[in-house]
Amino acid sequence: MENYYQPEIECASREQIQAWQDERLVKQVKHVYEHVPYYRKKMEEKGVVPEDIRSTADLHKLPFLTKDDLRQAYPYGLLATPLEDVVRIQSTSGTTGRRVVAFYTQHDIDLWDECCARAIMAAGGTKKDVVHVCYGYGLFTGGPGLNGGSHKVGSMTLPMSSGNTERQIQFMCDLGSTILCCTPSYAAYLAESINERGLRDKIKLKAGIFGAEAWTEEMRRDIEKSLGIKAYDIYGLTEISGPGVSFECSEQRGMHINEDHFIAEIIDPVTGEVLPEGEKGELVFTSITKEAFPLLRYRTRDICVLSREKCSCGRTHVRMSKPMGRSDDMMIIKGVNVFPSQIETVLLNKGYPANYQIIVNRVNNSDTLEVQVEMTPEMFSDSVTKIAAQERELVDALKAMLGIYARVRLVEPKTIARSEGKAVRVIDKRNLY
Ligand SMILES: [Zn+2]
């Protein structure tokens, strides 16, 4: 099984992909309608019957599913097969509210492994590789997903799980790990530890597959440089299967979504209206091949853009951008969708610390946006001209990212209040709600 790359699927024509999606969607809608009372009720509330869904063109007629539905239907309310066909569960970390439990039949595990195998192959993996998995194992999908994918590729798999950095580095050196799978922040930490110990020459890593948290292009470059590897992004969520819903190819320009298994839509997070290709909005997934836990039109809350532009790797599956933020965090300023994460990206790229505050107000019926940014002690100076120049530079960079003017005010080091836990980044004084 040296070559798990499947050009007949991954490089199929648009017509072929469309045909698969049409056929599988129709079948899937019947499956959930017949086996999941929760779905049937939701569809009935919207006045839709399975016969109304004849192709993906009818997808928009189906109701959305949200995390609230998953919580309400907990634990078994969305299970679409008899319990005896289920072989595994995975679960989200559940930092807020009830946990989400996702169910898998053996078929579902196989298709998930297949998606992860594609991701590993796209990062240059073959059966000759040594795949070092230090995502957590257990209920979290990261470890089991990449583990299964690596088995499918036929690579020697190191099920390291997370933590114990000494042992990670020891095995990496002794066993000659070539592909590292973990969160980008752990990869950065490993890189630092390896370089501190002067072991950079002892490692054989060539690629990394990093996901499960947000990371910037700058962080990618840092990790690539400090480990001497190519760093690939991977995306997924437990509700849809786990990592491998989409993955980066050697182009590193967006992640190919496995369209033979998942249909992606981009919607306006406020109105729910489906947006045309290339527009920024909330990512919605429909799972068309899963048996036990097939979610239809599941709202991910992740904001991104889809592109069908031809990819030079040869894969034809649609690409999604890295998520630019969560729809829960979206602000509408002067009619433009703005995410705190976009502002943060600009600040970090310009070398500012992540200590900032965003103040939104409405003056004479017009929205105003102000970003207060803390300088580092090195940046701080008494020269008003110098500070004004730095502020202008940030105004231009923010304008390029957001498309609107933001006033920038640089403040002295340690003047923005630190908070325990989640920082309060946005102060919206408009009282719109
Ligand atoms: Zn590609």
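Scoring rules and cut-offs
- Residues numbered from 1 in each chain as written.
- Predicted model: local features only at pLDDT ≥ 70, side-chain atom pairs only at ≥ 80, totals over all residues.
- Heavy atoms only, no water.
- Pairing = 2+ DSSP bridges.
- Helix = DSSP H or I, 4+ residues; strand = E, 2+ residues; numbered from the N terminus.
- Right-handed = clockwise from strand over helix to strand, strands pointing away.
- Axes fitted to C-alpha atoms, helices over the stretch in contact; angles between N-to-C directions.
- Contact = heavy atoms within 4.5 Å.
- Core = buried A, V, L, I, M, F, W, Y, C linked by side-chain atoms within 4.5 Å.
- Buried < 20%, exposed > 50% of the residue type's maximum accessible area, 1.4 Å probe, protein only.
- Donors = N, O, S within 2.8 Å, 3.2 Å for Na, K, Ca; no water.
- Tetrahedral: all angles 85-135°; square planar, octahedral: opposite > 155°, others 65-115°.
- Domains from an automatic or database assignment.
- Buried area = accessible area lost by both parts, 1.4 Å probe.
- Salt bridge = Lys/Arg side-chain N within 4 Å of Asp/Glu carboxyl O.
- Nonpolar A, V, L, I, M, F, W, Y, C, P; charged D, E, K, R; others polar.

1. Structural notes on the pairing of strand β4 (residues 156–159)
Link 1 in the chain: Here strand β3 (residues 130–133) pairs with β4 via 4 bridges, running parallel. The partner of Val130 across the bridge, within β4, is Met156.
Link 2 in the chain: With helix α6 (residues 142–153) bridging β3 and the parallel β4, this β-α-β connection has right-handed handedness.

2. Some points on the sheet that holds strand β15 (residues 325–326)
Think of a sheet as strands paired side by side through backbone hydrogen bonds, with each pair either parallel or antiparallel.
Link 1 in the chain: Reading across the sheet, the 4 strands line up as β10-β11-β12-β15 and stay open at both edges, with antiparallel pairing between neighbours. Strands at the two margins of the open sheet, each flanked by one partner only, are β10 (262–267) and β15.
Link 2 in the chain: The pairing of β10 with strand β11 (residues 281–287) spans 6 bridges and is classified as antiparallel. Across the sheet, the residue bridging to Ile266 is Leu283, located in β11.

3. A word on the sheet that holds strand β19 (residues 366–374)
Link 1 in the chain: Read from one edge of the open sheet, 4 strands run β20-β19-β18-β21, paired in mixed fashion. If you trace the sheet from one side to the other, it starts and ends with β20 (407–411) and β21 (426–428), each paired once. On average, each strand axis in the sheet is tilted by 20 degrees relative to the strand beside it, whichever way the strands run.
Link 2 in the chain: In this structure, β19 lies alongside β20, joined through 5 bridges in parallel fashion. By the bridge assignment for β20, Val371 is matched with Val408.
Link 3 in the chain: Relative to the sheet, helix α11 (residues 384–402) contacts β19 and β20, its axis offset from that of β20 by approximately 135 degrees.

4. Re the nonpolar core
Link 1 in the chain: Counting 52 residues, the largest nonpolar core has Leu78, Leu283, Phe285, Leu295 and Met320 as the members making the most contacts within it.
Link 2 in the chain: If you tally residues by element for this core, the top one is helix α5 (residues 106–122), at 5 residues.
Link 3 in the chain: Counting 25 residues, the second largest nonpolar core, distinct from the first, contains Ile333, Val373, Leu394 and Ala397.

5. Topic: the coordination of the zinc ion
Link 1 in the chain: All of the protein donors around the zinc ion are Cys249 (SG), His256 (NE2), Cys311 (SG) and Cys313 (SG); their distances to the metal are 2.1 to 2.3 Å.
Link 2 in the chain: Because the angles between the 4 donor atoms bound to the zinc ion fall within 105 to 112 degrees, the donor set is best described as tetrahedral.

6. Details of the domain arrangement of the protein chain
Link 1 in the chain: We note that the domain assignment places domain 1 (1–327) and domain 2 (331–432) within the protein chain.
Link 2 in the chain: Computed over C-alpha atoms, the centres of domain 1 and domain 2 are 33 Å apart.
Link 3 in the chain: Listed by partner, the interface residues are 9 residues for domain 1 and 8 residues for domain 2.
Link 4 in the chain: Together, the buried faces of domain 1 and domain 2 total about 640 Å²; carbon and sulfur atoms form 54% of this surface.
Link 5 in the chain: If you sort the residues of domain 1 by the area they bury against domain 2, Glu218, Lys280 and Met324 come out on top, with a joint share of 55%.
Link 6 in the chain: Joining domain 1 to domain 2, the criterion identifies 0 salt bridges.
Link 7 in the chain: For the side of domain 1 that touches domain 2, the class distribution of residues is 3 nonpolar, 3 polar and 3 charged.

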